[in-house]
Amino acid sequence: MEMVFDNYIVGTFLVSLFAFLFLFILRRYNNNNNDNNTRKKRFEKGYSREIKTQTGAGKGECSPGNGSGDDVIIVGAGVAGAALAYTLGKDGRRVHVIERDLTEPDRIVGELLQPGGYLKLVELGLEDCVEDIDAQRVLGYALFKDGRNTKLSYPLGKFQADVSGRSFHNGRFIQRMREKAATLPNVKLEQGTVTSLLEEKGTIIGVQYKTKDGEELRAYAPLTIVCDGCFSNLRRSLCNPKVDVPSCFVGLVLENCELPFSNHGHVILADPSPILFYPISSTEVRCLVDVPGKKVPSVANGEMANHLKTVVAQQVSCIDCPLLTLFYHGLIEESVLFQVPPELRDAFIAAVDKGNIRTMPNRSMPADPHPTPGALLMGDAFNMRHPLTGGGMTVALSDIVVLRDLLRPLHNLHDAASLTCYLESFYTLRKPVASTINTLAGALYKVFSASPDEARKEMRQACFDYLSLGGVFSTGPVALLSGLNPRPLSLVLHFFAVAIYGVGRLLLPFPSFQRMWIGARLISSASGIIFPIIKAEGVRQMFFPATVPAVYRAPPVVN
């Protein structure tokens with residue numbers, strides 16, 4: 001009896017113990033579920049809506065843990081965004097591109113691709129995007145000043161026959177790249193406006209955007225790349241934007257006219273700043289008149305057209321162009337009206353009569369990022385330079401090549417620590433090419449612009465004469481301009497060679513105290529032009545990138 005009772009007690013104890021353990025485990029499981037649900041509700045409440053995505057035949061929830069399956073979100077599908085989408089998609093990444101407007105853009109800049117940019121296009125497999133859009137080959141530049149001109153050809157002798165610059169309608173080029181990116185099954189292009197970046201514990205985890213139909217959605221990916229252009233509303237959270245607007249372009253399209261030098265861009269060193277002509281199709285020539293400052297006479301209220309008509313009728317009978325309006329407003333000198341090559345005057349008249357006069361602020365912004373885990377800036381959202389030299393697309397395409405090579409060894413972009421290291425090193429590796437083109441654009445614009453200062457006048461003339469010498473004196477600077485030899489040290493050497501050449505012109509054959517003084521001011525002026533630009537670009541990153549701590553300067557070998 002006692003044995004049975006003892007066994008009963010032991011059995012009851014064991015059953016109670018197991019029941020207690022079972023209840024404890026069940027309670028802990030329920031608490032974990034409740035905590036997860038609470039965190040999920042708080043997360044969703046904090047971002048104001050429930051995320052929904054297609055799963056099979058129905059709709060399901062998409063968590064920040066990349067349940068959407070995207071590897072990369074690209075904000076913007078301009079030149080940088082579309083090229084990047086194709087590049088990463090071709091490497092097997094699942095790419096989601098969100099672009100505000102997928103219709104063909106209509107811009108007056110981004111129409112000239114330098115040979116260096118074309119080589120990057122070839123490297124990315126996008127060279128066919130300049131086909132079937134009536135793009136024109138560009139073989140160099142023609143420079144005009146005070147009735148003189150000089151032709152500066154690109155040094156293309158070492159390259160294949162198809163390598164040259166290309167000029168085209170910007171919108172046609174972008175549409176071709178978008179179409180090519182969309183052919184990849186792992187690239188999704190969606191029209192929508194990104195309103196904000198989603199952040200969790202200091203890491204960007206995706207974007208919030210509004211669709212074409214006005215629906216508020218969110219998308220998640222381990223890497224978000226912002227390429228939303230010069231008007232970016234997202235850059236402030238990823239960099240320290242210091243946007244300068246040194247001038248504006250007044251744009252016209254001249255139809256059915258021949259440029260003095262075929263297949264060349266034309267730069268007129270007018271007063272107070274340059275005028276550009278280059279073909280954008282087989283029948284059209286783009287004219288861009290640079291106007292210093294942030295404002296030009298209004299086109300919308302008829303002020304521009306009215307002044308053109310009155311000035312043309314009363315003052316200058318042989319030229320009818322927007323330059324006259326600028327003259328009327330005191331923005332240019334009278335001498336500039338007669339610097340337009342005679343071959344273009346009739347086309348100028350017809351273009352102004354047609355009335356399609358466009359304006360565009362010229363923005364400059366050095367790259368000054370603060371590295372943010374999970375996010376990256378590219379294109380004009382990240383870095384801008386004066387468009388005088390047409391280097392913007394070359395910089396963007398070069399950046400894409402650098403980023404592609406960095407990301408290739410990373411098969412899993414969810415490794416946040418490794419991804420952050422790679423992205424930080426991107427900012428260093430891009431510098432030699434980008435800073436050379438940026439510095440040259442800023443320096444050339446200041447040198448080519450007229451000034452009442454005698455030293456600046458001498459610098460401008462010295463630059464024209466130096467380039468007119470030919471040989472290494474022209475091929476060196478043109479190789480820098482074209483992106484074929486983007487070396488910062490070479491840029492600095494040529495820039496100060498121009499200044500020294502200008503001093504030599506002043507001192508020969510007989511120096512005087514006044515000329516020596518102007519020569520000294522010329523050197524000082526040259527330093528005042530280039531050194532602030534180099535400082536903004538970063539001296540160490542520009543000239544000594546190997547000394548900058550970058551964890552992954554070269555991708556590791558993956559076995």
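About the criteria used
Residues numbered from 1 in each chain as written. Predicted model: local features only at pLDDT ≥ 70, side-chain atom pairs only at ≥ 80, totals over all residues. Heavy atoms only, no water. Pairing = 2+ DSSP bridges. Helix = DSSP H or I, 4+ residues; strand = E, 2+ residues; numbered from the N terminus. Axes fitted to C-alpha atoms, helices over the stretch in contact; angles between N-to-C directions. Parallel < 35°, antiparallel > 145°, perpendicular 65-115°, else oblique. Left-handed = near helix turned anticlockwise from the far one by under 90°. Contact = heavy atoms within 4.5 Å. Nonpolar A, V, L, I, M, F, W, Y, C, P; charged D, E, K, R; others polar. pLDDT = per-residue confidence, 0-100. Buried < 20%, exposed > 50% of the residue type's maximum accessible area, 1.4 Å probe, protein only. Phe/Tyr/Trp six-rings, centres within 6.5 Å; stacked < 30°, edge-to-face > 60°. Expected span 1.5 Å × (residues − 1). Core = buried A, V, L, I, M, F, W, Y, C linked by side-chain atoms within 4.5 Å. Salt bridge = Lys/Arg side-chain N within 4 Å of Asp/Glu carboxyl O.

Colleague: Outline the sheet that holds strand β9 (residues 165–167), supporting the account with residue identities and numerical values.
Modeller: The three strands are arranged β5-β9-β6 in an open sheet whose pairing can be described as antiparallel. Whereas interior strands pair on both sides, the edge strands pair on one side only; in this sheet they are β5 (112–113) and β6 (136–138). With three bridges connecting them, β6 and β9 associate as antiparallel partners. Among the inter-strand pairings, Gln-136 is bridged to a residue of β9, identified as Ser-167.

Colleague: I'd like a description of the sheet that holds strand β19 (residues 375–377), backed by residues and values.
Modeller: With mixed pairing, the seven strands of this open sheet are ordered in space as β12-β11-β10-β4-β3-β13-β19. The sheet is open, and its two edges are formed by β12 (216–220) and β19, each paired on a single side. Neighbour-to-neighbour, the strand axes of this sheet turn through a mean angle of 35°, independent of strand direction. Bridging between strand β13 (residues 223–226) and β19 involves three bridges; their strand directions are parallel. Bridging from a neighbouring strand, Thr-224 pairs with Ala-375 of β19.

Colleague: A description of the pairing of strand β10 (residues 187–200) should follow, citing residues and the corresponding values.
Modeller: Taken together, the five bridges between strand β4 (residues 95–99) and β10 define a ladder with parallel strand orientation. Bridging from a neighbouring strand, His-96 pairs with Lys-188 of β10. The pairing of β10 with strand β11 (residues 203–211) spans eight bridges and is classified as antiparallel. The partner of Thr-193 across the bridge, within β11, is Lys-210. The hairpin turn running from β10 into β11, its antiparallel successor, is two residues long, and Lys-201 in that turn takes a positive phi close to 55°.

Colleague: Got a sec to walk through the packing of helix α10 (residues 431–448) against helix α13 (residues 488–507)? Specific residues and values, please.
Modeller: Where α10 meets α13, the axes come as close as 9 Å, and the angle between the chain directions of the two elements is 20°. By the criterion of interaxial angle, the relationship of α10 to α13 is roughly parallel. Note on packing geometry: the crossing formed by α10 with α13 is left-handed. Counted together, Pro-432, Ser-435, Thr-436, Thr-439, Leu-440, Ala-443 and Val-447 of α10 and Pro-488, Leu-491 and Phe-495 of α13 form the full contact between these two elements. Among the residues making up the contact of α10 with α13, the classes are represented as seven nonpolar, three polar and no charged.

Colleague: Help me get a handle on the packing of α10 against helix α11 (residues 454–468), residues and values and all.
Modeller: In the contact formed by α10 and α11, the axes pass within 8 Å of each other and the chain directions differ by 110°. Relative to α11, the element α10 is oriented roughly perpendicular. Judged by residue contacts, Leu-444, Lys-446, Val-447 and Phe-448 of α10 engage Arg-456, Met-459, Arg-460 and Cys-463 from α11. Class assignment of the residues belonging to the contact of α10 with α11 gives a composition of five nonpolar, no polar and three charged.

Colleague: How would you sum up the confidence of the model for the protein chain? Please name residues and give values.
Modeller: For the protein chain, mean pLDDT is 82; residues scoring 70 or higher make up 78% of the total. pLDDT under 50 marks residues 307–329. Its contacts with residues more than four places away, or in other chains, come to 60 contacts. With pLDDT under 50 throughout, residues 331–339 is counted as low confidence; its partners more than four residues away or in other chains account for 32 contacts.

Colleague: I'd love a proper account of unusual backbone geometry, names of residues and values included.
Modeller: Residue Pro-509 is reached from Leu-508 by a cis peptide bond, and omega for that bond is 0°. Of note, the phi angle at Asp-132 is positive, near 60°, even though the residue is not glycine. Here Asp-132 shows up in the loop between α3 (115–123) and β6. Taking relative accessible area as the criterion, Asp-132 reaches 75% and is therefore assigned exposed. A positive phi is found at Asp-134, a non-glycine position, where the angle reads about 60°. Structurally, Asp-134 can be placed in the loop between α3 and β6.

Colleague: Can you lay out the packing of aromatic side chains for me, pointing to particular residues and giving the numbers?
Modeller: One pass over the full model with this rule turns up nine aromatic pairs. Ring centres 6.1 Å apart and planes at 70° place the aromatic pair Tyr-466 and Tyr-501 in the edge-to-face group. One end of the pair, Tyr-466, is in helix α11; the other, Tyr-501, is in helix α13, with 35 residues separating them in the sequence. Classification of Tyr-466 as buried rests on a relative accessible area of 4%. Aromatic rings pair up to connect Phe-382, Phe-426 and Tyr-427 into one cluster.

Colleague: Pulling in residues and values, what's your account of α13?
Modeller: A turn of α-helix holds 3.6 residues, and therefore any two residues three or four places apart point the same way. The first and last C-alpha atoms of α13 sit 29 Å apart over 20 residues, in line with the 28 Å expected at 1.5 Å per residue. Where α13 is buried, its residues contact α10, α11, α12 (472–481), α14 (513–537) and α15 (539–543).

Colleague: Give a detailed account of the nonpolar core, specifying residues and quantitative values.
Modeller: Of all hydrophobic cores here, the largest spans 125 residues; its most connected members are Phe-173 and Ile-225. Element by element, the count of residues in this core is highest for helix α8 (residues 392–407), at nine residues. When sequence neighbours within four positions are dropped, the list of residues in contact with Phe-173 reads Val-79, Leu-121, Cys-129, Val-130, Ile-133, Phe-168 and Met-393. Of all hydrophobic cores here, the second largest spans 20 residues; its members include Phe-144, Leu-252, Leu-254 and Val-289.

Colleague: Go over the pattern of salt bridges with me, naming the residues and quoting the values.
Modeller: What the rule picks out here adds up to 21 salt bridges. Here Asp-71 and Arg-94 are joined by a salt bridge, their closest N and O atoms 2.7 Å apart. A residue pair is termed long-range when its members are at least 10 positions apart, and Asp-71 in the loop between β2 (58–61) and β3 (72–75) and Arg-94 in the loop between α2 (79–90) and β4 qualify at 23 residues. On the basis of relative accessibility, which here comes to 39%, the residue Arg-94 falls in the partly exposed class. A salt bridge links Arg-408 to Asp-91; the nearest nitrogen and oxygen atoms lie 3.1 Å apart. Note that Arg-408 is positioned in the loop between α8 and α9 (416–429) and Asp-91 in the loop between α2 and β4, a separation of 317 residues in sequence. Residue classification places Arg-408 among the partly exposed positions, given a relative accessible area of 41%. Assessed through its relative accessible area of 31%, Asp-91 is described here as partly exposed. The network of salt bridges with shared partners includes Lys-120, Glu-123, Arg-404 and Asp-405.

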